[in-house]
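# What the coordinates show
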Amino acid sequence: MSNDIDVVWVSSSLALQRFDQPLLQHISQYMNVAQWEYRHDKDEGSSIDEAVSLLHEFLSQCSHPIHLAGHGAGGAIALTYARRYPQKVRSLILLAVASRPANIWHAHYYLQRQLFTISREQVLAMSVRNLFGEQPHYTTKKLMAVLNKDLEQSPLSHSLFKLVDLPEDGVSMPMMICGSKNDSIVNSPALLGWLKWFKPEDYLWECPKGHHFFHYFYPQKVGEQMLSFWQPYHLQQAMQSSILSSNLIN
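Within every chain, residues take consecutive numbers counted from 1 along the sequence as written. Restriction of local features to residues with pLDDT of at least 70 applies here, the model being predicted, together with a cutoff of 80 or more for giving and counting side-chain atom pairs; totals for whole chains, interfaces and linings are based on all residues. Excluding hydrogens and water, the side-chain values take into account all heavy atoms of the structure.

Moving on, we come to the overall build of the protein. Numbering of helices and strands runs from the N terminus; a helix is a DSSP stretch of H or I covering at least four residues, while a strand is a stretch of E covering at least two. In terms of helices and strands, the protein carries 9 helices and 6 strands. Residue burial in the protein is summarised as follows: out of 250 residues, 50% are buried. We call two residues in contact when some of their heavy atoms are within 4.5 Å. Taking as baseline every contact in the protein between residues at least 6 positions apart, the subset at least 24 positions apart corresponds to 75%. Surface accessibility follows the Shrake-Rupley procedure with a 1.4 Å probe radius. Residue values consider only the protein chains on display as shielding. Counting only carbon and sulfur atoms, one obtains 52% of the accessible surface of the protein, whose full area is about 12,000 Å². Only protein chains enter the accessibility calculation, which uses a 1.4 Å probe; a residue is then buried when its area is under 20% of its type maximum, exposed when over 50%, and partly exposed in between.

Listed below in structure tokens is the structure:
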């Protein structure tokens, strides 16, 4: 990995990666962005500990702390990594991550399967409406297939038999929490729960709409908020690099 990288975006599965691309394309116009994606073979075990270990292998190639960001389960991986390796993380941005970070859309899916006698397909169709809003029939079918793949690929091992949990706590580095006002999965109360661990430099922002994947529907609006949060730290790093280069020349 190049030492020129400013931001590492954490993706939890190949299935959902497409919904991150508009935002990453926007912020990559202003900062150097790398995308890390969790992958595992069908015969391998899957866990958030494994994901964090693999992410650490990747980030160990970088000599300086980086800005870490992620959405949903990817954000939960980024959060867990930032708590374990704070010296490697300059700042943390979490999109659609509740103050109880294991409460991703998978948990809602399995809870509905437990509570109601309805089929997997019916719950997936309901999940599409919750995550993306009302969609045409053909689009709903395609999104159901995407969500079905994500259930298989995510490192957070929720199931019909058990819902996993993750610690509720803050982090030592500057943190930004982003959400959407009409996200029924990670709603405003779930976001406001973060405030009990906020430091003076931390920031919470809600997109007016866009449901759970608000960063896909409004990449420029979300990107501007993220860039604004990063600006003082990015400028500080650029100044430090400039001073170091000047000292080496002299």
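There's plenty left to go through after this.
Let us now look at the nonpolar core. Core analysis: the biggest nonpolar cluster contains 54 residues, and Leu68, Leu92 and Trp105 have the highest contact counts within it. Dropping the residues within four chain positions of it, leucine 92 is found in contact with Leu68, Ala78, Leu79, Ala82, Val171, Met173, Pro174, Met175, Met176 and Phe229. Core analysis: the second largest hydrophobic core is formed by 21 residues, Ile27, Met226, Trp230 and Tyr233 among them. Nonpolar cores are built from buried Ala, Val, Leu, Ile, Met, Phe, Trp, Tyr and Cys residues. Side-chain atoms within 4.5 Å join them into one set.

A carboxyl oxygen of Asp or Glu within 4 Å of a side-chain nitrogen of Lys or Arg is what we treat as a salt bridge. Under the defined criterion, the tally for this structure stands at 4 salt bridges. When the shortest N-O distance is used, the salt bridge between arginine 84 and aspartate 49 registers 2.4 Å. In this pair, arginine 84 is assigned in helix α3 (residues 73-84) and aspartate 49 in helix α2 (residues 48-59), connecting sequence segments 35 residues apart. Looking at arginine 84, the relative accessible area reads 42%, which means it is partly exposed. Put simply, glutamate 168 and arginine 100 hold a salt bridge, and the shortest N to O gap is 3.6 Å. Note that glutamate 168 is positioned in the loop between α6 (137-153) and β5 (175-180) and arginine 100 in the loop between β4 (89-95) and α4 (105-115), a separation of 68 residues in sequence. Overall, the relative accessible area of 39% leaves arginine 100 in the partly exposed class.

Convention adopted: a line fitted to C-alpha atoms gives each axis, helices being fitted over their contacting stretch, and angles between N-to-C directions are expressed from 0 to 180 degrees. In the contact formed by α4 and helix α5 (residues 120-132), the axes pass within 10 Å of each other and the chain directions differ by 140°. Comparing the axis directions of α4 and α5 gives the class oblique. Considering only the axes of α4 and α5, their crossing is right-handed. The residues of α5 that touch α4, namely those facing Trp105, Tyr109, Gln112 and Arg113, are Arg120, Val123, Leu124, Met126, Ser127, Asn130 and Leu131. A class-by-class count of the residues in the contact of α4 with α5 yields 6 nonpolar, 3 polar and 2 charged. Working definition: roughly parallel below 35 degrees, roughly antiparallel above 145 degrees, roughly perpendicular at 65 to 115 degrees, and oblique for all remaining angles. Here a crossing is called left-handed whenever its near helix is offset anticlockwise from the far helix by less than a right angle, and right-handed whenever the offset is clockwise. When residues are sorted by character, Ala, Val, Leu, Ile, Met, Phe, Trp, Tyr, Cys and Pro go into the nonpolar class, Asp, Glu, Lys and Arg into the charged class, and all the rest, Gly among them, into the polar class.

Quick look at α6 now. In this analysis, the expected span of each helix is defined as 1.5 Å times one less than the number of residues it contains. For α6, built from 17 residues, the straight-helix expectation of 24 Å at 1.5 Å per residue is met to within 8% by its first-to-last C-alpha distance of 25 Å. Those residues of α6 lying buried are Thr140, Leu143, Met144, Val146, Leu147, Asp150 and Leu151. Elements that come into contact with the buried residues of α6 comprise α4 and α5.

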